[in-house]
Amino acid sequence: MNAYATDAHHDDDHHHGPPPGLMRWVTTTNHKDIGTLYLWFSLIMFFIGGVMALVIRTELFQPGLQVVDPHFFNQMTTLHALIMIFGVVMPAFVGLANWMLPMMVGAPDMALPRMNNWSFWILPFGFAMMLATLFMEGGGPAAGWTIYPPLSLQTGNALPYLIFSIHLLGVSSIMGAINIIATIMNLRAPGMTYMKMPLFVWTWFITAYLLIAVMPVLAGAVTMLLTDKFFGTSFFDAAGGGDPVMFQHIFWFFGHPEVYILILPSFGLVSEIIPTFSRKKLFGYNSMVYATASIALLSFIVWAHHMFTVGMPLAGEMFFMFTTMLIAVPTGVKVFNWVSTMWQGAMTFETPMLFALGFVIMFTIGGFSGLMLAMTPIDFQYHDTYFVVAHFHYVLVPGAIFGIIGGVYYWLPKWTGNMYDEKLGQAHFWLSTIFVNILFFPMHFVGLAGMPRRIPDYAVQFTDFNQVATIGAFGFGLSQILFLVLVIKCIRGGKKADDQVWEGAQGLEWTVSSPPPYHTFSPQPVIK
Amino acid sequence: MHTFHRIPGILPGAALWLFSHSSLADWELNLTEGVTEISREVYDMHMFVLWICVWIGVLVFGAMAISIVRHRKSRGAVPAGFHESTFAEVLWTVIPFAILITMAWPAAKTLIAMEDTSDADITLKVTGHQWKWEYEYLDSGVKFISSLHPESREAAALGSGIDPATVDNYLLEVDNPVVLPVGKKIRFLLTASDVIHAWWIPDFAIKKDAIPGFINEMWTNIEEEGIYRGQCAELCGRDHGFMPIVVHALSQEKYDEWVSAQLAAAEAVAASADREWAMDELMQRGEKVYGTYCVACHQANGEGIAGAFPSLKGTPMMLNDLEGHIDIVLNGKPGTAMQAFSTQLNDADLAAVITYERNAWGNDTGDVIQPATIKAARIQ
């Protein structure tokens with residue numbers, strides 16, 4: 001199959017290269033360029049959202065208020081979450097999808113390249129609007145990323161900007177998802193049946209459907225907030241016949257599938273990485289696909305477990321408790337399959353594998369606390385405490401984000417044609433792993449001991465673990481600078497990577513040169 | 001539900017024990033067992049699920065560790081060819097499912113008990129306000145507002161310079177605690193006036209949202225006399241972290257005494273509203289009321305927070321519009337954090353705080369508002 005890549009290389013480099021300069025990035029319709037834009041955007045937002053987290057952790061270093069006003073603290077928690085979710089994890093996944101999906105299914109580009117450009121270029125404007133609220137009178141949104149009314153309706157000038165910004169991000173996500181579905185359905189290489197697609201392609205395929213299903217629901221919810229605030233409707237105002245809890249139902253009908261949007265592609269990434277470095281085929285490919293689909297379907301009928309304390313009828317609480325516990329089954333299947341893939345393999349531990357192994361262990365820890373949270377009677381104790389904060393940070397940071405970082409290390413030599421600095425990568429992994437646990441593990445303890453989340457100041461008995469967490473936060477934040485250095489170093493040069501890059505790697509992306517030509521797979525390869 | 005068998009954990013058990021050893025006084029690690037039957041059931045279930053997770057973790061991470069140590073290329077491992085096994089896959093679908101059922105059964109039983117609020121001896125209505133709690137004993141008519149203790153409030157101001165460690169029960173103390181009898185089924189009715197709050201006492205293992213326009217129910221039965229502390233658990237705005245909950249659980253006799261004393265005090269307050277008050281008296285009382293109810297938004301210097309909470313210093317309403325001032329304090333301003341205080345404060349308190357606001361921070365209007373004026377304004 002190498003022949004195709006070489007041919008393509010010759011054709012395209014000479015006739016269809018990118019225009020030079022800045023306009024290349026503004027006008028590009030090339031999936032690789034757009035993938036790069038997404039990934040850089042995500043990394044920049046990662047540092048912005050990270051600085052906000054450090055503001056939060058600095059204030060929480062000791063009891064009493066030392067640094068920020070509680071109102072500003074609430075703005076930080078709100079924007080930190082919105083940025084990390086919509087500005088970091090989702091764009092990073094779309095960036096990886098842009099770079100890799102066409103190369104993994106043997107397509108020359110994404111199916112809808114102009115829309116691809118647009119869906120990226122909406123993002124900077126959306127986030128500029130969101131961040132601009134910090135400089136407005138009354139400050140940024142401070143009602144939490146969940147923007148529950150009536151509290152969110154007390155937001156000042158920031159509210160309409162926040163809502164329009166969410167609309168923009170939603171439009172961008174939906175276009176990205178449509179593009180991914182169109183690419184996967186139409187541009188697979190001849191012979192690549194659905195059940196031959198790499199798992200990263202599968203998980204993204206399912207994620208894209210989740211996005212299309214739920215982003216409009218969020219758009220509806222925030223639009224109702226807008227009309228409640230400015231046009232006299234009372235969707236969520238009991239005084240006008242509305243119901244504030246209805247917002248929570250609508251929000252979490254979006255929100256729960258959303259948390260799987262934030263994790264499924266990472267499942268796909270580690271399902272690529274672990275077989276490569278175990279030199280063994282992925283265990284239980286079919287069950288991996290079915291488990292992913294089950295998780296996605298279940299995600300639509302578990303939403304109210306985020307709101308067990310709102311006073312649902314007993315039957316409702318039971319239903320959402322049982323369905324939520326059920327998610328443990330397909331999730332368990334995935335973890336068991338990853339471990340079985342390693343079993344009797346021939347493992348090596350390059351940086352991508354380290355991040356994948358870290359993912360499996362720490363995501364599972366987050367899964368355990370998720371199982372505990374699923375049980376309604378004990379959730380009443382955990383709900384809205386730091387135990388929940390510990391839970392979702394475990395699944396999102398050493399979960400989703402470790403998956404993304406692992407994916408970047410895995411494909412960085414392919415993208416740049418240079419090997420990254422392995423020593424630096426290993427240092428990045430170990431520092432990140434040690435500090436991420438120092439940061440988030442103590443949060444389990446303060447949460448169980450009774451510390452509510454989203455508070456800028458706390459009773460003195462919570463001091464010790466909060467100090468530990470703050471030290472972990474700074475350690476983790478600073479460790480990420482290593483990553484930035486490593487990526488820049490790798491782009492500028494280094495040991496040349498061959499086409500295969502990793503000894504055990506399978507898949508079409510490894511059949512093209514490193515770096516791949518501007519246009520790959522034209523004509524398409526044939527899968528036998 | 002005391003029948004939970006603690007699954008013995010040797011290694012992880014030892015690790016947890018080491019950590020939970022009492023020498024680490026403040027490094028509180030675990031959920032409280034609490035002081036009610038329900039709270040102990042909840043605690044036991046928490047430990048039961050925790051041990052299940054620990055053991056699954058030991059198995060999964062153990063298998064991983066064996067692979068990482070033994071099946072590594074540097075030791076000459078050769079990859080095996082297998083990549084599926086229907087038997088294994090069915091097994092690890094069915095076994096977790098069975099484990100889930102053993103968890104779901106007791107959870108459902110406890111949940112049913114928790115949601116049964118019937119046959120209560122006492123009903124306490126709890127109303128959340130930004131950022132304080134209002135309590136009304138529906139059986140006896142006792143009613144009061146409970147907010148953060150002034151000592152904590154002072155220490156919690158940004159850059160106050162006061163070490164929180166020197167404040168007793170920093171952020172977990174209130175001016176007026178809830179008093180409840182032990183050994184009685186107490187039903188809580190929860191609602192709110194502005195945004196959603198949540199009422200939570202870890203030792204009772206109950207938490208529920210207080211939602212404006214709706215009433216939620218929950219119950220407890222406290223077994224031991226004592227002081228129990230909790231906090232608002234739902235983000236409710238700027239001072240979300242500063243509206244604690246304190247319950248004093250007393251014997252029935254002491255509780256009855258407390259109720260009589262509260263009723264007598266309420267009568268005295270009602271009587272005081274009918275007399276003429278002096279300026280000094282109003283200013284003194286007004287400063288206190290302001291410090292409890294208004295300071296969180298409008299700040300001690302009356303200047304508010306630009307863009308979020310308006311200033312009261314030298315504004316047209318303060319200087320020239322007495323009627324508007326009384327109206328906004330009594331009835332609030334919909335769509336903002338400004339609440340209707342007519343239901344929270346008595347005539348004397350309202351008269352005092354309005355007098356205070358019109359004469360503090362150089363406003364100096366000289367206006368003296370009598371409780372009778374407020375009483376008249378209420379009727380309109």
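Residues numbered from 1 in each chain as written. Chains lettered and ligands numbered in written order. Predicted model: local features only at pLDDT ≥ 70, side-chain atom pairs only at ≥ 80, totals over all residues. Heavy atoms only, no water.

Chemist: Would you mind going over the pattern of salt bridges in detail, with residue names and values included?
Modeler: Scanning the entire structure with this criterion turns up 20 salt bridges over all chains. Notably, a salt bridge pairs Glu503(A) with Lys73(B), separated by 3.0 Å at the nearest N-O pair. Here Glu503(A), found in the segment after α17 (463–492), pairs with Lys73(B), found in the loop between α2 (37–70) and α3 (86–114), and the two come from separate chains. Note that Asp347(B) and Arg378(B) form a salt bridge whose closest N and O atoms lie 2.6 Å from each other. Placement of Asp347(B) in helix α10 (residues 347–359) and of Arg378(B) in helix α11 (residues 371–379) is noted, with a sequence separation of 31 residues between them. (Salt bridge = Lys/Arg side-chain N within 4 Å of Asp/Glu carboxyl O. Helix = DSSP H or I, 4+ residues; strand = E, 2+ residues; numbered from the N terminus.)

Chemist: Which residues make up the side chain of Glu317(A), and what values go with them?
Modeler: In this fold, Glu317(A) is placed in helix α11 (residues 314–326). One buried charged residue, Glu317(A), remains without a salt bridge, the closest side chain of opposite sign being Lys208(B) at 4.8 Å. Apart from the residues lying within four places of it in its own chain, the contact partners of Glu317(A) are Phe308(A), Met312(A), Thr376(A), Phe380(A), Leu111(B) and Glu115(B). (Buried < 20%, exposed > 50% of the residue type's maximum accessible area, 1.4 Å probe, protein only. Lys, Arg positive; Asp, Glu negative; His and termini not counted. Contact = heavy atoms within 4.5 Å.)

Chemist: If you had to explain the nonpolar core to someone new, which residues and values would you point to?
Modeler: Soluble, globular proteins show a tendency: their nonpolar side chains are buried together. One finds Phe86(A), Trp204(A), Trp338(A) and Trp411(A) to be the most contacted residues of the largest nonpolar core, which totals 223 residues. With 23 residues, helix α4 (residues 70–105) of chain A is the single largest residue contributor to this core. Counting residues domain by domain, this core receives three or more from each of domain 1 (11–114) and domain 2 (122–271) of chain B. Formed by 44 residues, the second largest nonpolar core is a distinct cluster that contains Val179(B), Ile201(B), Ile222(B) and Cys236(B). (Core = buried A, V, L, I, M, F, W, Y, C linked by side-chain atoms within 4.5 Å. Domains from an automatic or database assignment.)

Chemist: Hey, could you go over a nonpolar patch on the surface for me, with residue numbers and the actual values?
Modeler: Residues and elements named next belong to chain A. Together, Phe474, Leu478, Ile481 and Val485 make up an exposed nonpolar region whose accessible area comes to about 340 Å². With respect to the helices and strands, the residue Phe474 is situated in helix α17. By relative accessible area, which is 34% here, Phe474 ends up partly exposed. (Patch = residues over 30% accessible without salt bridge, like charges linked within 9 Å, V, L, I, M, F, W, Y side chains within 5 Å. Areas by Shrake-Rupley, 256 points an atom, 1.4 Å probe, with all protein chains shown as cover.)

Chemist: Go over the sheet that holds strand β10 (residues 244–250) of chain B, please, and point to the residues and values.
Modeler: Residues and elements named next belong to chain B. As summarised here, the arrangement of the three strands in space is β4-β10-β9, forming an open sheet in which the pairing is mixed. Two strands bound the open sheet, and with one partner strand each, they are β4 (178–181) and β9 (226–231). This sheet shows a mean twist of 25 degrees between the axes of neighbouring strands, independent of strand direction. Strands in contact with helix α5 (residues 252–272) are β4 and β10; relative to β4, the strand with the most contacts, it is inclined by about 140 degrees. (Pairing = 2+ DSSP bridges. Axes fitted to C-alpha atoms, helices over the stretch in contact; angles between N-to-C directions.)

Chemist: Which residues make up the interface of chain B and chain A, and what are the values?
Modeler: In this assembly, 91 residues from chain B lie in contact with 98 residues from chain A. Here chain B and chain A share an interface that buries about 8,200 Å² over both sides, 71% of which is from carbon and sulfur atoms. At the junction of chain B with chain A, the criterion picks out two salt bridges. Of all the elements in the fold, those that place two or more residues in the side of chain B that touches chain A are α2, α3 and β7 (206–210) of chain B. Here the side of chain B that touches chain A takes 15 residues from α2(B), the largest share from any one element. When grouped by side-chain class, the residues that make up the side of chain B that touches chain A number 56 nonpolar, 21 polar and 14 charged. (Buried area = accessible area lost by both parts, 1.4 Å probe. Nonpolar A, V, L, I, M, F, W, Y, C, P; charged D, E, K, R; others polar.)

Chemist: Explain unusual backbone geometry residue by residue, including any values.
Modeler: All names here are of chain A. Backbone torsion omega between Pro149 and Pro150 reads 0 degrees, so that peptide bond is classified as cis. Along the chain, Pro150 turns up in the loop between α5 (113–132) and α6 (158–186). For the peptide bond that leads from Ser514 to Pro515, omega is -5 degrees, which places it in the cis range. Within the secondary structure, Pro515 is located in the segment after α17.

Chemist: Can you lay out the packing of aromatic side chains for me, pointing to particular residues and giving the numbers?
Modeler: Using the criterion set out here, one finds 63 aromatic pairs over all chains in the structure. Centre to centre, the rings of Phe188(B) and Trp199(B) are 4.8 Å apart; their planes meet at 35 degrees, and the pair counts as tilted. Of this pair, Phe188(B) sits in strand β5 (residues 186–192) while Trp199(B) sits in strand β6 (residues 197–201), placing them eleven residues apart in sequence. With relative accessibility at 0%, the residue Phe188(B) sits in the buried group. Arranged with centres 6.1 Å apart and planes meeting at 25 degrees, the rings of Tyr255(B) and Trp258(B) form a pair that is stacked. Of this pair, Tyr255(B) and Trp258(B) both sit in helix α5, three residues apart, roughly one helical turn. Here Trp258(B) falls in the buried class, since its relative accessible area comes to 16%. Its guanidinium or amino end placed over the ring of Tyr194(A), Arg188(A) lies 3.9 Å from that ring's centre, counting from NZ or CZ. (Phe/Tyr/Trp six-rings, centres within 6.5 Å; stacked < 30°, edge-to-face > 60°. Lys NZ or Arg CZ within 6 Å of the ring centre and 35° of its normal.)

Chemist: Could you give an account of the domain arrangement of chain B, naming the residues involved and the relevant values?
Modeler: Residue and element names in this part refer to chain B. Assigned domains within chain B: domain 1 (11–114), domain 2 (122–271) and domain 3 (275–379). Domain 1 and domain 2 are separated by 37 Å when their C-alpha centres are compared. Listed as interface residues are eleven residues of domain 1 and, on the opposing side, eleven residues of domain 2. On inspection of domain 1 and its partner domain 2, the count reaches one salt bridge. Residue Glu223 pairs with Arg40 through a salt bridge whose shortest N-O separation is 2.9 Å. Across the domain 1-domain 2 interface, the total number found is seven residue pairs in polar contact (both at pLDDT 80 or more). Mapped by element, the contributors of at least two residues to the side of domain 1 that touches domain 2 are α2 and α3. Ranked by residues supplied to the side of domain 1 that touches domain 2, first place goes to α2 with five residues. (Polar contact = N/O pair within 3.5 Å; in protein donor to acceptor, adjacent residues only side chain to side chain.)

Chemist: Before we move on, could you go through the confidence of the model for chain A and cite the residues and values that matter?
Modeler: Mean pLDDT for chain A: 93, with 97% of residues reaching 70 or above. This model gives residues 1–14 of chain A a pLDDT under 50, and the stretch forms 22 contacts once residues within four places in sequence are excluded. (pLDDT = per-residue confidence, 0-100.)

Chemist: Could you give me a rundown of the packing of α4(A) against helix α15 (residues 386–416) of chain A, with the residues and numbers involved?
Modeler: Two measures define how a pair of helices packs: the angle their axes make with one another and the distance between the axes. Residue and element names in this part refer to chain A. α15 packs onto α4 with a crossing angle of 35 degrees between their chain directions and a minimal axis gap of 11 Å. The chirality of how α4 crosses α15 is left-handed. For the pair α4 and α15, contact is made by His80, Val89, Ala92, Phe93, Leu96, Trp99, Met100, Met103 and Met104 and by His393, Ala400, Ile401, Ile404, Val408, Trp411, Lys414 and Trp415, respectively. Here the residues of the contact of α4 with α15 sort into 14 nonpolar, two polar and one charged. (Left-handed = near helix turned anticlockwise from the far one by under 90°.)

Chemist: Which residues make up a negative patch on the surface, and what values do they have?
Modeler: A grouping of Asp116(B), Asp119(B), Asp121(B) and Asp139(B) is seen on the molecular surface, where their side chains present a negatively charged patch. As for its placement among the helices and strands, Asp116(B) is situated in the loop between α3 and β1 (122–129). (Charge placed at Lys NZ, Arg CZ, Asp CG, Glu CD.)

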